Amino acid sequence: GQNIDQPTEMTATEGAIVQINCTYQTSGFNGLFWYQQHAGEAPTFLSYNVLDGLEEKGRFSSFLSRSKGYSYLLLKELQMKDSASYLCAVRNNQGGKLIFGQGTELSVKP
Amino acid sequence: NAGVMQNPRHLVRRRGQEARLRCSPMKGHSHVYWYRQLPEEGLKFMVYLQKENIIDESGMPKERFSAEFPKEGPSILRIQQVVRGDSAAYFCASSPGMLGPDTQYFGPGTRLTVL
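Residues numbered from 1 in each chain as written. Chains lettered and ligands numbered in written order. Predicted model: local features only at pLDDT ≥ 70, side-chain atom pairs only at ≥ 80, totals over all residues. Heavy atoms only, no water.

With that settled, consider the overall build of chain B. On a plain count of helices and strands, chain B comes out with zero helices and 11 strands. Along chain B, helices (α) and strands (β) appear in the sequence β-β-β-β-β-β-β-β-β-β-β when read from the amino end. Against the globule reference of 13 Å for 115 residues, chain B gives a C-alpha radius of gyration of 13 Å, in line with a compact fold. Taken along the three principal axes of its C-alpha coordinates, chain B extends 40 × 25 × 25 Å. Every one of the 115 residues in chain B was classed for burial, and the buried ones make up 44%. For chain B, restricting intrachain contacts to residue pairs at least 6 apart in sequence, the fraction spanning at least 24 positions comes to 52%. Where the 16 positive side-chain charges of chain B centre and where its 11 negative ones centre are 7 Å apart. (Helix = DSSP H or I, 4+ residues; strand = E, 2+ residues; numbered from the N terminus. Rg over C-alpha atoms; globule rule 2.2 N^0.38 Å. Buried < 20%, exposed > 50% of the residue type's maximum accessible area, 1.4 Å probe, protein only. Contact = heavy atoms within 4.5 Å. Lys, Arg positive; Asp, Glu negative; His and termini not counted. Charge placed at Lys NZ, Arg CZ, Asp CG, Glu CD.)

Written out as structure tokens, the structure is:
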């Protein structure tokens, strides 16, 4: 079967760093994606990992360990506009569909 | 470069009516995916289509739901005889269908309310 787990909600302070974890179990791994979704809006693509290691893109970084079935999204220099839901999604090798976790609702406080 | 387009953005139907949701993929994208997001839940895959072909419909309910992506025109998700439990946000995503990330980009969604 396939299962994606991430914390339901997190709170952090403006200017700080936050790490959102995601663990997954899937039959045949073919990439992990992170999306950001503001309330009432479409998910927007943040990052993609298929090999072990860290991918950095500005204030956002994503890490993957395939042997551990583990990823995290790191957000630096938090801004109020980063308050949103962060979705971890896995693609297996049976096709293009993404399996999403429940999402982590991040609240950034002043 | 226009993104993924969906219409209508909001749709209200009474129980038993039909709902038709449309999706135009991003320019240059030939793969379309439909996902459903129930209130307070995560995105759930429904169906994956290429032009004139259904590739994976493993997430589609067995009855009342159908999808198509014709040679010309948008992809259509059709829900017949809607029930209250169909109320949700329906998102369409498209991808270029290439090797590598083949990242899916999402449209703004159609919010279906069944009265």
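Across the contact, 23 residues belong to chain B and 17 residues belong to chain A. The interface formed by chain B and chain A holds one salt bridge in total. Residue D56 of chain B pairs with K97 of chain A through a salt bridge whose shortest N-O separation is 4.0 Å. The tally of links between chain B and chain A comes to eight residue pairs in polar contact (both at pLDDT 80 or more). Breaking the side of chain B that touches chain A down by element, the ones donating at least two residues are β4 (31-37), β5 (43-50) and β10 (105-106) of chain B. Per element, the largest residue contribution to the side of chain B that touches chain A is four residues, and it comes from β5 of chain B. When the residues that make up the side of chain B that touches chain A are grouped by side-chain class, the tally is 10 nonpolar, seven polar and six charged. (Salt bridge = Lys/Arg side-chain N within 4 Å of Asp/Glu carboxyl O. Polar contact = N/O pair within 3.5 Å; in protein donor to acceptor, adjacent residues only side chain to side chain. Nonpolar A, V, L, I, M, F, W, Y, C, P; charged D, E, K, R; others polar.)

All names here are of chain B. In the structure shown here, the tally under the stated rule is two disulfides over all chains. For C23, the disulfide goes to C92, at an S-S distance of 1.8 Å. Disulfide C23 to C92: torsion about the S-S bond roughly -50 degrees, handedness left-handed. Pair noted here: C23 is in strand β3 (residues 19-24) and C92 is in strand β9 (residues 88-95), with a separation of 69 residues, a long-range link. Given a relative accessible area of 0%, C23 falls into the buried group. According to the relative accessible area criterion, C92 is buried, its value standing at 0%. (Disulfide = S-S within 2.5 Å.)

A word on the nonpolar core. Among the nonpolar cores identified, the biggest contains 23 residues, and W34, M46, L77 and Y90 of chain B are the most heavily contacted of them. Counting only elements with at least two residues in this core, the list comes to β3, β4, β5, β7 (65-68), β8 (75-79), β9 and β11 (110-114) of chain B. M46 of chain B has contacts with W34, Y35, R36, D56, E57, S58, G59, M60, P61, F65, L77 and Y90 of chain B, leaving out every residue within four places of it along the chain. Within the second largest apolar cluster, 21 residues are counted, among which are V18, I20, L46 and L106 of chain A. (Core = buried A, V, L, I, M, F, W, Y, C linked by side-chain atoms within 4.5 Å.)

Let us now look at the confidence of the model for chain A. Per-chain confidence: chain A averages 94 in pLDDT, with 99% of residues scoring 70 or above. Element-level mean pLDDT values for chain A span from 93 in strand β1 (residues 3-5) of chain A up to 98 in strand β8 (residues 70-75) of chain A. (pLDDT = per-residue confidence, 0-100.)

Quick look at the sheet that holds β8 of chain B now. Residues and elements named next belong to chain B. Across the sheet, which stays open at both edges, the four strands sit in the order β1-β3-β8-β7 with antiparallel pairing between neighbours. Two strands lie at the open edges of the sheet, namely β1 (5-7) and β7, each paired on one side alone. Pairs of neighbouring strands in the sheet enclose a mean axial angle of 15 degrees, with direction left out of account. The pairing of β3 with β8 spans five bridges and is antiparallel. Its bridge partner lying in β8, C23 is registered against S75. (Pairing = 2+ DSSP bridges. Axes fitted to C-alpha atoms, helices over the stretch in contact; angles between N-to-C directions.)

Residues and elements named next belong to chain A. Counting buried positions over the nine residues of strand β4 (residues 29-37) gives seven, a clear majority of the element. Judged from the seven bridges that link them, β4 and strand β9 (residues 84-92) form a sheet pairing that is antiparallel. Bridged to L32 within β9 is V90. Looking at chain direction, β4 and strand β5 (residues 44-49) are connected through five bridges and run antiparallel. The residue bridging F33 from the neighbouring strand is Y48, located in β5. Linking β4 to β5, which pair antiparallel, is a turn of six residues; within it G40 sits at a positive phi near 75 degrees.

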